[in-house]
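# Commentary on secondary and tertiary structure
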Amino acid sequence: MTTPRARLTVLAGPTAVGKGTVSADLRARYPQVWLSVSATTRPPRPGEVDGVHYHFVTPEEFDAMVEGGELLEWAVVHGRNRYGTPRRPVEERLAAGEPALLEIDLQGARQVRRTMPEAQFVFLAPPSMEELVRRLVGRGTEDAEERARRLQTAEVEMAAEPEFDHVVVNDDVRRATDELVALMGLPVAVD
Ligand code: 5GP
């Protein structure tokens, strides 16, 4: 007997490594890949659509999800907002024999490792620490205090790489996305 192939893949990595960019490339080029939509208490950024990029919820709504056991994992990210993975859609997807992907922070990945150790854990790494710092500062969507907070988080998060099953280097977004898709056991786009 072999175990079913449908598997949960968890993508995590340091701040500003480009997890969001890889997710966007995945949505654009691999609409067949099922990507979990997280709940978050942070307000939407321009262009973000409720129910597509996140479920934007109030702190009270998030509390209710936690209390109701509705989240597979959740974490306070960058000491600010809460983010969590709704449990039911993931479980339904896996029960249907289909692969699922979570793009979450390191604390969340550790929680999933405890509750679903059969998942595969993929660390998205920058080509170098210098490049990570460049991306962190270059993004320009956060104020100085927020950037400093994120840099500190990134240094701690980089040390977690050995905890992961696979490392994908985000040197080129399309290449990194293709490598992730291949790790999920799905066909890679030819273009
Ligand atoms: P952003 O606010 O830039 O969209 O995301 C900030 C961080 O939250 C990213 O590192 C992202 O991976 C993480 N994140 C997004 N959704 C979840 C989630 O459901 N759970 C956890 N633990 N982290 C999440």
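Up top is the structure these notes are about.
In this text the structure is predicted, and so the values were computed from the model without any measurement.

## A look at the sheet that holds strand 6 (residues 100-103)
Strand pairs in the sheet, formed through backbone hydrogen bonds, run parallel or antiparallel to each other. Spatial strand order, 6-1-7-8: four strands in an open sheet with parallel pairing. Among the strands making up the open sheet, the edge pair consists of strand 6 and strand 8 (166-169). Going across the sheet, the axis of each strand differs from the next one's by a mean of 25 degrees, ignoring polarity. The sheet contact formed by strand 7 (residues 120-125) and strand 8 spans four bridges and is parallel. Across the sheet, V122 pairs through a bridge with H166, a residue of strand 8. Each of strand 1 (8-12), strand 6 and strand 7 is contacted by helix 4 (residues 106-115), which is oriented at about 155 degrees to strand 1, the strand it contacts most. Packed on one face of the sheet, helix 7 (residues 173-183) meets strand 1, strand 6, strand 7 and strand 8 and runs near 155 degrees to strand 8.

## Quick look at the sheet that holds strand 3 (residues 55-56)
The four strands lie next to each other as 3-2-5-4, forming an open sheet whose pairing is mixed. Each end of this open sheet is capped by a strand with a single partner; those strands are strand 3 and strand 4 (71-77). Both strand 4 and strand 5 (residues 81-86) contribute to a ladder of six bridges, which runs antiparallel. Counterpart to W74 in the pairing with strand 5 is G84. The sheet contacts of helix 3 (residues 87-95) involve strand 4 and strand 5, and relative to strand 5 the element is tilted by about 30 degrees.

## Digging into the side chain of S38
Inspection of the secondary structure puts S38 in the loop between helix 1 (19-29) and strand 2 (39-40). Discounting chain neighbours no more than four positions away, the residues touching S38 are Y54, H55, G84 and P86.

## Let's talk about the packing of helix 5 (residues 129-138) against helix 6 (residues 144-158)
Between helix 5 and helix 6, whose axes approach to 10 Å, the crossing angle comes to 155 degrees. It follows that helix 5 is roughly antiparallel to helix 6 by the angle criterion. In the packing of helix 5 onto helix 6, the handedness of the crossing is right-handed. Every residue of helix 6 that contacts helix 5 at M129, L132, V133, L136 and V137 is listed here: R147, R150, L151, A154, E155 and M158. Split by residue class, the contact of helix 5 with helix 6 holds eight nonpolar, no polar and three charged.

How each quantity is defined
For every chain, the first residue of the written sequence is number 1, and numbering continues from 1 along that sequence. Under the rules for a predicted model, residues below a pLDDT of 70 receive no local features and side-chain atom pairs below 80 are neither given nor counted, while totals for whole chains, interfaces and linings still include all residues. Side-chain numbers here rest on the full set of heavy atoms in the structure, without hydrogens or water. For two strands to count as paired, DSSP must find a minimum of two bridges between them. Under the DSSP-based scheme used, a helix requires at least four consecutive residues in state H or I and a strand at least two consecutive residues in state E, with every element numbered from the N terminus. To get an axis, a line is fitted to the C-alpha atoms, and for a helix only the part in contact is used. The angle between two axes follows their N-to-C directions and goes from 0 to 180 degrees. Two residues form a contact once any of their heavy atoms are found within 4.5 Å. Geometric relationships in this document are graded by angle, where less than 35 degrees denotes roughly parallel, more than 145 denotes roughly antiparallel, 65 to 115 denotes roughly perpendicular, and other angles denote oblique. Crossing handedness follows the turn of the near helix against the far one: under a right angle anticlockwise gives a left-handed crossing, and clockwise gives a right-handed one. Three residue categories are used. Nonpolar comprises Ala, Val, Leu, Ile, Met, Phe, Trp, Tyr, Cys and Pro, charged comprises Asp, Glu, Lys and Arg, and polar comprises the others, including Gly.

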